[in-house]
Amino acid sequence: MVNILNKLNRKNKKFLMIIFDICALLGGLFFIFYLQVDFKYNPITNSLLLLLIALTVLLAIPIFSRFGLYHEVIRFFSFKALWNIIQAISLFSILLLLIFDDISLPLMLLFWLLAIIIIGSSRFFARWFFLGAYSNNNVVIFGAGSAGRQVSNALIASREYKPIAFIDNSKEIYLHSINGLKVYSQEDLGSLITKKNIKEVLIAIPSLSRSRRAEILDYLKHFPVTVRIFPGASELAQGRVTISDIKEIDLNDLLGREPVKPNKNLLKTNISHKVVMVTGAGGSIGSELCRQILSLKPKKLILFEVSESSLYQIDQELLIINTNDIKIFPVIGSVLDKDRMLKICSHFEVQTIYHAAAYKHVPLVEYNQSQGILNNTIGTLSAAKAAISTNVETFVLISTDKAVNPTNIMGASKRGAELVLQALSKKTHNTCFTMVRFGNVLDSSGSVIPLFKKQIKKGGPVTVTHRDIVRYFMTIPEAVELVVQAGAIARGGDVFVLDMGKAVRIYDLAVKMIQLSGLEVLDENNPKGDIEIKYTGLRPGEKLYEELLLGGEFTITENKLIMRAEEKMIVWEKLEPMLSEITEAAKNTETTKIYKLLKKIVPEFSSKSNGFDSF
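Cut-offs used in this document
- Residues numbered from 1 in each chain as written.
- Predicted model: local features only at pLDDT ≥ 70, side-chain atom pairs only at ≥ 80, totals over all residues.
- Heavy atoms only, no water.
- Helix = DSSP H or I, 4+ residues; strand = E, 2+ residues; numbered from the N terminus.
- Buried < 20%, exposed > 50% of the residue type's maximum accessible area, 1.4 Å probe, protein only.
- Contact = heavy atoms within 4.5 Å.
- Areas by Shrake-Rupley, 256 points an atom, 1.4 Å probe, with all protein chains shown as cover.
- Pairing = 2+ DSSP bridges.
- Phe/Tyr/Trp six-rings, centres within 6.5 Å; stacked < 30°, edge-to-face > 60°.
- Lys NZ or Arg CZ within 6 Å of the ring centre and 35° of its normal.
- Polar contact = N/O pair within 3.5 Å; in protein donor to acceptor, adjacent residues only side chain to side chain.
- Arc of directions from axis to C-beta.
- Axes fitted to C-alpha atoms, helices over the stretch in contact; angles between N-to-C directions.
- Parallel < 35°, antiparallel > 145°, perpendicular 65-115°, else oblique.
- Left-handed = near helix turned anticlockwise from the far one by under 90°.
- Patch = residues over 30% accessible without salt bridge, like charges linked within 9 Å, V, L, I, M, F, W, Y side chains within 5 Å.
- Salt bridge = Lys/Arg side-chain N within 4 Å of Asp/Glu carboxyl O.
- Nonpolar A, V, L, I, M, F, W, Y, C, P; charged D, E, K, R; others polar.

Draft legend 1. The overall build of the chain, seen in detail. Across its full length, the chain carries 22 helices and 23 strands. In the chain, which comprises 615 residues, the proportion classed as buried is 51%. Partitioning the intrachain contacts of the chain with sequence separation of at least 6 by distance along the chain shows that 74% fall at a separation of at least 24. For the chain, the exposed area adds up to about 29400 Å²; of that, 55% sits on carbon and sulfur atoms.

Below, the structure written as structure tokens:
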């Protein structure tokens, strides 16, 4: 029945409401006329019936329409709409008294009351019928403050969720009702889930610190419910909360990292009113760099990208959010094309370069060693030389923790890129070269997070390479903010390392994601679980843990999350001939020679040739 009524168009639904109201009003009038013994029209005749129908259709319905009774959407019917019903019925009753002067006032008051009860309750019943009477998606709202109340209103107006109760630790409102929902404490959640068949928990406390939110999530992971979260306080304040705003848990909340506010002056130093170029502009880091750079009002923004589709996507996105009419130039090109790099830097008079172009997927680069070396190391050399030739002021390399004591080609090639900039910084005073090293970023194309989400959605298994493997994590926006700030405090040749907090065991991350999806891990201790975690073994060149510092020595900068590392370097006169040799070896796909030369350039490189001929 619900589906049939939902399929009706707006006009048909309005017609049904009008027919119901006519019947309700006629029924009420017949009832009071029957009770009025001395009524001059008694008994009720066909002529009286026609008169009542005419009065109802020609008088009541226009009045009801004027008061907006047929413009209300039933799903959003409220007490304000009920007030409109009361006013409309009151006016109709007064007009009836004027027409039928021999009807007693008490009976007309009875009609007035009956009409309000029948027509008003019909709207509330229809709302209940459509919105949640048959919904199986029972939810509780964690937080009974103003945000929680807004969430409950949004849920009541939705067919997707049926709110059952609030969870709040405030003793003052314990067992009280808010918006018709009872408030329970955190300790009552277990029994609520069992008794009320709760499927999801929605967290609606925007003011929560990240550490407190992590505690709540850690508590909720023990229950078979899906955990979702509503947006922050700013969205609530602007009244933009809807059911579509309910989102999956931000994995950064699980890490318990408190965000550090950026230094706005540092963010602007190398960007505001300057010509800025981002290489690898279509990648995970590159695209976020472009977004943040655009908000800092550069003079021009050059998007340099080898992938046409990736360049198109970021260019289209920036066109939409470019409210300041900043000139954006999407440029197709490879960092290995020296002439192209030189021409672009010269033509646009580039002042700042953020070099994010790189091959970063460890297994892929391991099987394509020559291209990894050429793109990551020699490509950086090509871009750096173009910067020197055109007097670029600042050149910031996006590096990786895999460059420290590397065990794979990707990490070694990025360490090679760092050495290139360190050596060149001693030869030139025109361009300030610096590099920023950090670990994994959440939800990037190379992160395990999107993979785990897909695997959980498909029913598993979730694949983890090793039970003890650990990684550092940071959100992409936070990493980019720190990269921009690090570039602003660079003196030349600096290796900056971002404080990534505590390393996270990937197995624990997989378990949390499964549990917070309302599922259980399937293993020998829980054979009735939902999702199995399978170990696939370490991939070629993969380490159990990553490091951020090569020598362990560092100094803290103006931002406590940015450290300046003290590391050894190779002077340009020694490095240059080795780079020439490895370039030739890479062009000729001489795998064995590549490994030997890499170990010569990066002595910490500990991997061996896997015997795969790269092409």
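Draft legend 2. Representation of the pairing of strand β2 (residues 162-167). Bridge analysis of strand β1 (residues 138-142) against β2 gives five bridges, and the strand direction is parallel. In the sheet register, F142 faces β2, and the bridge partner there is I167. In this structure, β2 lies alongside strand β4 (residues 181-184), joined through three bridges in parallel fashion. Paired with F166 across the two strands is V183, which belongs to β4.

Draft legend 3. Here's a closer look at the packing of aromatic side chains. Per the counting criterion, the structure on display carries six aromatic pairs. Ring plane angle 65° and centroid distance 5.4 Å describe the contact between Y219 and F223, whose orientation is recorded as edge-to-face. Of the residues examined, Y219 reaches a relative accessible area of 24% and is grouped as partly exposed. Among the residues examined, F223 registers a relative accessible area of 18% and is labelled buried. Taking the centre distance of 5.8 Å and the plane angle of 25° together, the rings of Y595 and F605 count as stacked. One end of the pair, Y595, is in helix α22 (residues 591-601); the other, F605, is in the segment after α22, and ten residues separate them in sequence. Per residue, the accessibility class of Y595 equals that of F605, and both read buried. Over the aromatic face of Y507 sits the side chain of R467, whose NZ or CZ is 4.2 Å from the ring centroid.

Draft legend 4. Spotlight on the environment of R505. By the element assignment, R505 lies in strand β19 (residues 504-505). What makes R505 partly exposed here is its relative accessible area of 25%. When the C-alpha positions of R505 and L544 are compared, they lie 9.7 Å apart, and in sequence the two are 39 residues distant. Setting aside residues no more than four positions away along its own chain, R505 makes contact with R467, D468, I469 and V470. At 3.4 Å, the side chain of R505 forms a polar contact with the backbone oxygen of R467.

Draft legend 5. Looking closely at the pairing of β1. With five of its five residues buried, β1 lies for the most part within the structure. Burial of the side chains of β1 extends over both faces: N138, V140 and F142 are buried on one face and V139 and I141 on the other. Bridge count for β1 against strand β5 (residues 198-203) is five bridges, and the pairing is parallel. Residue pairing in the sheet places I141 in a bridge with L202 of β5.

Draft legend 6. Quick peek at helix α7 (residues 189-196). Within α7, the full set of buried residues consists of L189, L192 and I193. For α7, the buried positions fall inside an angular range of 100° around the axis, keeping them on one side. Across α7 from its buried face, at more than 90 degrees, point the exposed residues T194 and K195. Downstream of α7 by a residue or two, N197 has a phi angle that is positive, lying close to 55°.

Draft legend 7. Representation of the packing of helix α18 (residues 448-457) against helix α20 (residues 506-515) within the structure. Interhelical geometry of α18 versus α20 gives an angle of 40° and a closest axis separation of 11 Å. It follows that α18 is oblique to α20 by the angle criterion. Crossing handedness for the pair α18 and α20: right-handed. Taking contact as the criterion, the partners of V448, I449, F452, K453 and I456 in α18 are, on α20, I506, L509, A510, M513 and I514.

Draft legend 8. Geometry of a nonpolar patch on the surface. On the surface, F20, L113, I117 and I118 cluster together into a nonpolar patch covering about 340 Å² of accessible area. No other element matches helix α5 (residues 105-131), which puts three residues into the nonpolar patch. As for its placement among the helices and strands, I118 is situated in helix α5. Owing to a relative accessible area of 35%, I118 belongs among the partly exposed residues under this scheme.

Draft legend 9. Inspection of the sheet that holds strand β11 (residues 352-355) at higher detail. In spatial order, the strands read β10-β9-β8-β11-β12-β13-β18-β23-β22; together these nine strands make up an open sheet with mixed pairing. Taken across any chain shown, the strands that pair with only one partner, and hence form the sheet edges, are β10 (327-332) and β22 (554-556). Taking each pair of neighbouring strands and ignoring which way they run, the sheet shows an average axis angle of 20°. With six bridges connecting them, strand β9 (residues 300-305) and β10 associate as parallel partners. Its bridge partner lying in β10, K300 is registered against K327. Set on the sheet, helix α16 (residues 369-389) makes contact with β11, β12 (394-398) and β13 (432-437); between it and β12 the angle comes to about 170°.

Draft legend 10. The arrangement of unusual backbone geometry in detail. Cis geometry marks the peptide bond from G460 to P461, where omega comes out at 0°. Structurally, the position occupied by P461 is in the loop between α18 and β15 (462-464). Despite not being glycine, N405 shows a phi value in the positive range, around 45°. Mapped onto the elements of the fold, N405 is located in the loop between β12 and α17 (409-425).

Draft legend 11. Just the packing of α16 against helix α21 (residues 572-587), in detail. Between α16 and α21, the least distance of the axes is 10 Å, while the angle of their chain directions is 135°. Here α16 lies oblique to α21, going by the angle between them. α16 and α21 meet at a crossing whose hand is left-handed. Of the residues in α21, those in contact with S370, I373, L374, T377, I378, L381 and K385 of α16 are W572, L579, I582, T583, A586 and K587. Here the residues of the contact of α16 with α21 sort into eight nonpolar, three polar and two charged.

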